[in-house]
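Descriptive structure summary
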Amino acid sequence: MTGLFHKPKRNLRKLIKQGDFEEAIALGNSMEEKYRYDPDFIFIMASIFYILQEPKKTLQYIDRVLEINEHDTEALGLKLRVHQHFKENAKVIECCKKILEVDSDAYDVRAILSELEKK
């Protein structure tokens, strides 16, 4: 009966919220096999590495999310930010266009795209 209430992704989010990133990574690594096709879990892991300012690891996880759902606007938005960090404007533009295909009301993305296309 106790297994019914065990929520590993909730525990992972709680650790992140508390700032226990080392423990969150360890827990995430232990969950990786079971949740390797779960885009929510993968996005949570990407978020940990984004917070820790590890852009390469962030991209590894984000690309996995996008393999599952290429139209995930949250994942595309995070990918956009990482490519901005690397000053990879062509990839930022690509992410912006994909986001706008799904959400034409993403005004912040439209502004980023407009700014980059002026250059």
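Summarised in this report is the structure supplied together with it. Worth saying up front: this structure is predicted, and the values here are computed from it rather than measured.

1. Description of helix α1 (residues 8-18)
Pro8, Leu12, Leu15 and Ile16 are the residues of α1 that are buried. Down the axis of α1, the sector holding all buried residues measures 100°, keeping them to one side. Away from its buried face by more than 90 degrees, α1 exposes Arg10, Lys14 and Lys17. For α1, the secondary structure elements touched by its buried residues are α2 (21-31) and α3 (39-51). Count one or two residues on from α1 and you reach Gly19, which has phi positive near 80°.

2. So, the packing of helix α6 (residues 89-102) against helix α7 (residues 107-118)
Packing of α6 against α7 brings their axes to within 9 Å, and their N-to-C directions diverge by 140°. Judged by the inter-axis angle, α6 sits oblique to α7. Regarding α6 and α7, the two cross each other, and that crossing is left-handed. Across the interface between the two elements, Asn89, Val92, Ile93, Cys96, Lys97, Ile99 and Leu100 of α6 pack against Val109, Arg110, Ile112, Leu113, Leu116 and Glu117 of α7. Residue composition of the contact of α6 with α7, by class: 9 nonpolar, 1 polar and 3 charged.

3. Considerations on the side chain of Asp38
Checked against the element boundaries, Asp38 lands in the loop between α2 and α3. Taking the relative accessible area as the measure of exposure, Asp38 reaches 17% and is therefore buried.

4. Topic: the nonpolar core
Residues Ile48 and Leu80 are the most contacted members of the largest nonpolar core, which totals 35 residues. Every element with two or more residues in this core is listed here: α1, α2, α3, α4 (55-68), α5 (73-85), α6 and α7. Sorting elements by how many residues they give to this core places α3 first, with 8 residues. Once you skip the residues sitting within four places of it in the chain, Ile48 turns out to touch Leu12, Ile16, Phe21, Ala24 and Ile25.

5. Some thoughts on α5
Residues spaced three or four apart along an α-helix face the same direction, because each turn holds 3.6 residues. Taking 1.5 Å per residue as the helical rise, α5 with its 13 residues ought to reach 18 Å, and the 18 Å between its terminal C-alpha atoms agrees with that figure. Taken as a whole, α5 has its buried residues at Ala75, Leu76, Leu78, Lys79, Leu80, Val82 and His83. In this fold, the buried residues of α5 make contact with α3, α4, α6 and α7. You can read the cap of α5 off the contacts: a side-chain oxygen lies 3.0 Å from the backbone nitrogen of Glu74, and it is on Asp72. Two residues or fewer past α5, Lys87 is found with a positive phi of approximately 60°.

Rules used in this analysis
- Residues numbered from 1 in each chain as written.
- Predicted model: local features only at pLDDT ≥ 70, side-chain atom pairs only at ≥ 80, totals over all residues.
- Heavy atoms only, no water.
- Buried < 20%, exposed > 50% of the residue type's maximum accessible area, 1.4 Å probe, protein only.
- Helix = DSSP H or I, 4+ residues; strand = E, 2+ residues; numbered from the N terminus.
- Arc of directions from axis to C-beta.
- Contact = heavy atoms within 4.5 Å.
- Axes fitted to C-alpha atoms, helices over the stretch in contact; angles between N-to-C directions.
- Parallel < 35°, antiparallel > 145°, perpendicular 65-115°, else oblique.
- Left-handed = near helix turned anticlockwise from the far one by under 90°.
- Nonpolar A, V, L, I, M, F, W, Y, C, P; charged D, E, K, R; others polar.
- Core = buried A, V, L, I, M, F, W, Y, C linked by side-chain atoms within 4.5 Å.
- Expected span 1.5 Å × (residues − 1).
- Polar contact = N/O pair within 3.5 Å; in protein donor to acceptor, adjacent residues only side chain to side chain.

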